Amino acid sequence: MGDHLEEKVSIVIPVYNEVESIPHLYAALKDVMEGLEREYELIFVDDGSKDGSFKVLSDIQAQDKNVIVIGFRRNFGQTAAMAAGFDHAEGDIIITMDADLQNDPGDIPKLLEVSKEYDVVSGWRKDRKDKFFSRRLPSMAANWLISKVTGVHLHDYGCTLKAYRREVIKNVQLYGEMHRFIPAIANWVGASTTEVVITHHPRRYGTSKYGISRTIRVVLDLITVKFLQSFSTRPIHAFGPAGLLLGGIGILIALLLSFEKIIMGYDIGGRPLLLLAVLLIILGVQLVIMGLLGEMLARVYHESQDKPIYFIREVLKDEE
Ligand code: UDP
Ligand code: MG
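These numbers come from a predicted model, not from an experiment.

(A) Representation of helix 8 (residues 214-231) in the model. Here helix 8 contains 18 residues, and its C-alpha end-to-end distance of 26 Å stays within 8% of the 26 Å for a straight helix at 1.5 Å per residue. Listed as buried for helix 8 are R214, V218, D221, L222 and V225. On an axial view of helix 8, the arc spanned by its buried residues comes to 115°, and they lie on one face. Every exposed residue of helix 8 that faces more than 90 degrees away from the buried side is listed here: I216, L220 and I223. Contacts made by the buried residues of helix 8 are with helix 3 (78-88) and helix 5 (132-150).

Shown next, in the form of structure tokens:
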């Protein structure tokens, strides 16, 4: 695996109001990266900080050619900051980490080692130094749920310290708060995924940007990811079966009532079943139509935006 030694490494760091941490983080990162003796770049993405983080970063950048600083016009969120970092990254391996010193640059060599064998290496904060009830407990529940739903079993989706091979990250389009789902999305384009235990430190400076409300957003994002993963190319398969089933039951009940009315001569005007039949038929028709609308949207989406419906690892052919 000697060819991996020459690969360039990009470190992508989203920064939002972390002015006190930045000099410490930079010093530690520089130390680790220089020790590796390979090409690297540190990409700091300032996500509209108001505490002077950008000034500190630009001073660092002025003296170090390995540093790239991207400054956002306003706060766009951690996912957007990471996406901007990915867009500018030139490395063959891209590592993301937090700016607040909770992740340890000392873990980077370990991630790089493992990323020789895997497309995605996810950090696992086994001994996490955050509050139990507001952060660790909801996160345990979220990790369990995400693993179940996506089929990609990780202990710590929320950990920012992760390493990705370039081809994988360039195929992943990020929206909203989706950065934690990159391993799941990457797995869906065929990437191999593993996790390594990493060190985690309590926050020394500044404050956390998130609270418990994030859990709700994560669950909503999970529904989106699951839906896109399973049905974005065939929405009719998501809505159609339920529509046919409910509509079918409705029609059966309606037939039964028609039989009672026409053949037996019963009065069916006051029957609750009549209402149920009507409801089920309407619901069934609606669901099928929803699936068809989805199909049309999916076609517009894939055709107008060049979104591939498959991802190729390599192409073998004889060049003439
Ligand atoms: N962050 C960001 N934009 C935001 C919120 C956070 O770039 O809108 C950065 C923040 O500076 C840090 C990382 O994302 O480097 C993780 O944030 P935080 O440490 O607050 O999250 P926690 O560790 O508490 O989950
Ligand atoms: Mg943090």
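Picking up after the structure, the text goes on.
(B) Up close: the packing of helix 5 against helix 8. Running from amino to carboxyl end, helix 5 crosses helix 8 at an angle of 5°, the nearest separation of the two axes being 11 Å. Taken together, the axes of helix 5 and helix 8 are roughly parallel relative to one another. Only R214, T215, V218, V219, L222, K226 and Q229 of helix 8 make contact with helix 5, whose side of the interface consists of R135, P138, A142, L145, I146, V149 and T150. Taken together, the residues of the contact of helix 5 with helix 8 break down into eight nonpolar, three polar and three charged.

(C) Looking closely at the pattern of salt bridges. Under the criterion given, the structure shown has 18 salt bridges. Between D107 and K110 there is a salt bridge whose closest N-O contact spans 3.9 Å. Taking relative accessible area as the criterion, D107 reaches 7% and is therefore assigned buried. Linking E113 and K116 is a salt bridge whose minimum nitrogen-to-oxygen distance equals 3.3 Å. Relative accessible area serves as the criterion here: at 23%, K116 is assigned to the partly exposed category. Salt bridges linked by common partners bring K8, E39, E41 and E90 together as one network.

(D) Main features of unusual backbone geometry. Here the phi dihedral of E37 falls at roughly 50°; this positive angle occurs in a residue that is not glycine. Topologically, E37 is positioned in the loop between helix 1 (21-36) and strand 2 (40-46). One non-glycine residue, L101, adopts positive backbone phi at about 70°. With respect to the element layout, L101 can be found in the loop between strand 4 (93-96) and helix 4 (108-114). For L101, a relative accessible area of 11% translates into the label buried.

(E) Structural view of the sheet that holds strand 7 (residues 193-197). Taken together, seven strands build an open sheet; the order of strands is 3-2-1-4-6-5-7 and the sheet is mixed. Here the strands that pair on one side only, and so sit at the sheet edges, are strand 3 (67-71) and strand 7. Strand-to-strand twist of the sheet, defined as the mean angle between neighbouring strand axes without regard to direction, takes the value 20°. Bridge analysis of strand 2 against strand 3 gives five bridges, and the strand direction is parallel. In the strand pairing of strand 3, L42 is matched with V67. Along the sheet, helix 1 contacts strand 1 (9-15), strand 2 and strand 3; its crossing angle with strand 2, the most-contacted strand, is approximately 160°. Here helix 2 (residues 53-63) sits on the sheet in contact with strand 1, strand 2 and strand 3, set at roughly 150° to strand 3.

(F) Quick look at the site of ligand 1. Residues in contact with ligand 1 amount to 18 residues; listed here are only the nearest, E18, D47, D100, S208 and K209. Within the side chain of Q102, an N or O atom sits 3.0 Å from an oxygen atom of ligand 1. For ligand 1, whose accessible area on its own is 530 Å², the fraction buried by protein is 95%. By residue class, the composition of the shell around ligand 1 is five nonpolar, five polar and eight charged.

(G) Examining the coordination of the magnesium ion (ligand 2) more closely. The magnesium ion (ligand 2) binds to the protein through D100 (OD) and Q102 (OE1); the donor distances cover 1.9 to 2.0 Å. For the pair D100 and Q102, one class covers both residues: buried.

(H) Inspection of the nonpolar core at higher detail. Among the nonpolar cores identified, the biggest contains 32 residues, and V45, F86 and F181 are the most heavily contacted of them. Elements with a contribution of two residues or more to this core: strand 2, helix 3, helix 5, helix 6 (166-170), helix 7 (182-188) and helix 8. Ignoring any residue separated from it by four or fewer positions in sequence, one finds F181 in contact with I146, V218, D221, L222 and V225. I11, M33, Y40 and L111 belong to the second-largest nonpolar core, a separate cluster that totals 30 residues.

(I) Spotlight on the packing of aromatic side chains. For the coordinates displayed, the defined rule picks out five aromatic pairs. The interplanar angle of 80° and the centroid separation of 6.1 Å between the aromatic rings of F86 and Y164 together place this pair among those described as edge-to-face. With a gap of 78 residues between them, F86 in helix 3 and Y164 in strand 6 (residues 162-165) connect regions that are remote in the sequence. The same class applies to F86 and to Y164, which are both buried.

Rules used throughout
Residues numbered from 1 in each chain as written. Chains lettered and ligands numbered in written order. Predicted model: local features only at pLDDT ≥ 70, side-chain atom pairs only at ≥ 80, totals over all residues. Heavy atoms only, no water. Helix = DSSP H or I, 4+ residues; strand = E, 2+ residues; numbered from the N terminus. Expected span 1.5 Å × (residues − 1). Buried < 20%, exposed > 50% of the residue type's maximum accessible area, 1.4 Å probe, protein only. Arc of directions from axis to C-beta. Contact = heavy atoms within 4.5 Å. Axes fitted to C-alpha atoms, helices over the stretch in contact; angles between N-to-C directions. Parallel < 35°, antiparallel > 145°, perpendicular 65-115°, else oblique. Nonpolar A, V, L, I, M, F, W, Y, C, P; charged D, E, K, R; others polar. Salt bridge = Lys/Arg side-chain N within 4 Å of Asp/Glu carboxyl O. Pairing = 2+ DSSP bridges. Near = heavy atom within 4 Å. Polar contact = N/O pair within 3.5 Å; in protein donor to acceptor, adjacent residues only side chain to side chain. Areas by Shrake-Rupley, 256 points an atom, 1.4 Å probe, with all protein chains shown as cover. Donors = N, O, S within 2.8 Å, 3.2 Å for Na, K, Ca; no water. Core = buried A, V, L, I, M, F, W, Y, C linked by side-chain atoms within 4.5 Å. Phe/Tyr/Trp six-rings, centres within 6.5 Å; stacked < 30°, edge-to-face > 60°.

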